[in-house]
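Chain by chain, the residues run as shown.
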Amino acid sequence: MQYNASRELRRFVNIISQKPQAMAVVSGSNEYPDIKGKVLFFQIEHGVIVLADISGLPTSDAECKSPIFAFHIHEGDSCTGNAFAQTLSHYNPGNCPHPYHAGDMPPLFGNNGYAFEVFLTDRFTVNEIIGRTVVIHVEPDDFTTQPSGNAGAKIACGEIFS
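## Some remarks on the state of the cysteines
Okay, so step 1: This structure, assessed with the given rule, holds one disulfide.
Okay, so step 2: In this model cysteine 79 forms its disulfide with cysteine 157; the gap between the sulfur atoms is 1.9 Å. Note on the cysteine 79 and cysteine 157 pair: the S-S dihedral is about -75°, so by sign convention the disulfide is left-handed. Remark: cysteine 157 occurs in strand E8 (residues 154-161) and cysteine 79 occurs in the loop between strand E4 (68-74) and strand E5 (104-109); sequence separation between them is 78 residues.

## Digging into the sheet that holds strand E6 (residues 115-121)
Okay, so step 1: The strand order across the open sheet built from eight strands is E5-E4-E7-E8-E1-E2-E3-E6, with neighbouring strands paired in antiparallel fashion. Every other strand in the sheet has two partners, leaving E5 and E6 as the edge strands with one partner each. Pairwise comparison of adjacent strand axes, ignoring direction, gives a mean angle of 20° for this sheet.
Okay, so step 2: Here strand E3 (residues 47-55) runs beside E6; their pairing, made up of seven bridges, is antiparallel.

## A short note on the pattern of salt bridges
Okay, so step 1: A complete count under the given rule lists two salt bridges for this structure.
Okay, so step 2: Linking arginine 7 and glutamate 8 is a salt bridge whose minimum nitrogen-to-oxygen distance equals 4.0 Å.
Okay, so step 3: Relative accessible area serves as the criterion here: at 40%, arginine 7 is assigned to the partly exposed category.
Okay, so step 4: Among the residues examined, glutamate 8 registers a relative accessible area of 24% and is labelled partly exposed.

## With respect to the environment of glycine 47
Okay, so step 1: Looking at where glycine 47 falls in the secondary structure, it is placed in strand E3.
Okay, so step 2: Note on glycine 47: relative accessible area 7%, which makes it buried.
Okay, so step 3: With 74 residues separating them in the primary sequence, glycine 47 and threonine 121 have C-alpha atoms 5.5 Å apart.
Okay, so step 4: Apart from the residues lying within four places of it in its own chain, the contact partners of glycine 47 are Phe42, Leu120, Thr121 and Asp122.

How each quantity is defined
- All residue numbers refer to positions counted from 1 along the written sequence of the respective chain.
- Confidence filtering applies because this is a predicted model: local features only for residues at pLDDT of at least 70, side-chain atom pairs given and counted only at 80 or more, and all residues used for totals across whole chains, interfaces and linings.
- Excluded from the side-chain calculation are hydrogens and water; included are all heavy atoms of the structure.
- Pairs of cysteine sulfur atoms within 2.5 Å are what we label disulfides.
- Here a helix means four or more residues in a row that DSSP labels H or I, a strand means two or more in a row labelled E, and each is numbered from the N terminus.
- When DSSP finds two or more bridges between two strands, those strands count as paired.
- A fitted line through C-alpha atoms represents every axis, and for helices the fit uses only the stretch in contact; the resulting angles, taken between N-to-C directions, go from 0 to 180 degrees.
- One side-chain nitrogen of Lys or Arg within 4 Å of one carboxyl oxygen of Asp or Glu is enough to make a salt bridge.
- Remark: exposure states derive from per-residue accessible area (1.4 Å probe, protein chains only) relative to the maximum for the residue type, with buried under 20%, exposed over 50%, and partly exposed in between.
- A contact between two residues is defined here by any heavy atoms of the two lying within 4.5 Å.

Written out as structure tokens, the structure reads:
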């Protein structure tokens, strides 16, 4: 069977042009009030397509220090509390070690304060994450340190709803 990139792209565009099954409206903390965006979740046969569109992220002028931000789904149901304390820990129903938590997602790569990312995951279904939170951290996840990757402060949060 020959791969048809044009057909696959049209199929993908059709999926993400539909209404998502869930989304989170992301806002920055008091220290990062310019952060805004949305994270959309589309359930498909092979997993969940996650689309993140975030602006107002911190930038850096330092060479070789383009900002990278850890990006997770957390167990908590609210973006309230000091430093988003009510988000609790990473979503991890299987009690797996980090970085194999269901809520561990690819990092966001900052591009002059903007990040756009689309990926497919089978770590959760849309129904499993509704009512949880999406969190952006100030540092990249090191994918090693237990229990949460040494990602630094929570700088933005959004509550996932259908």
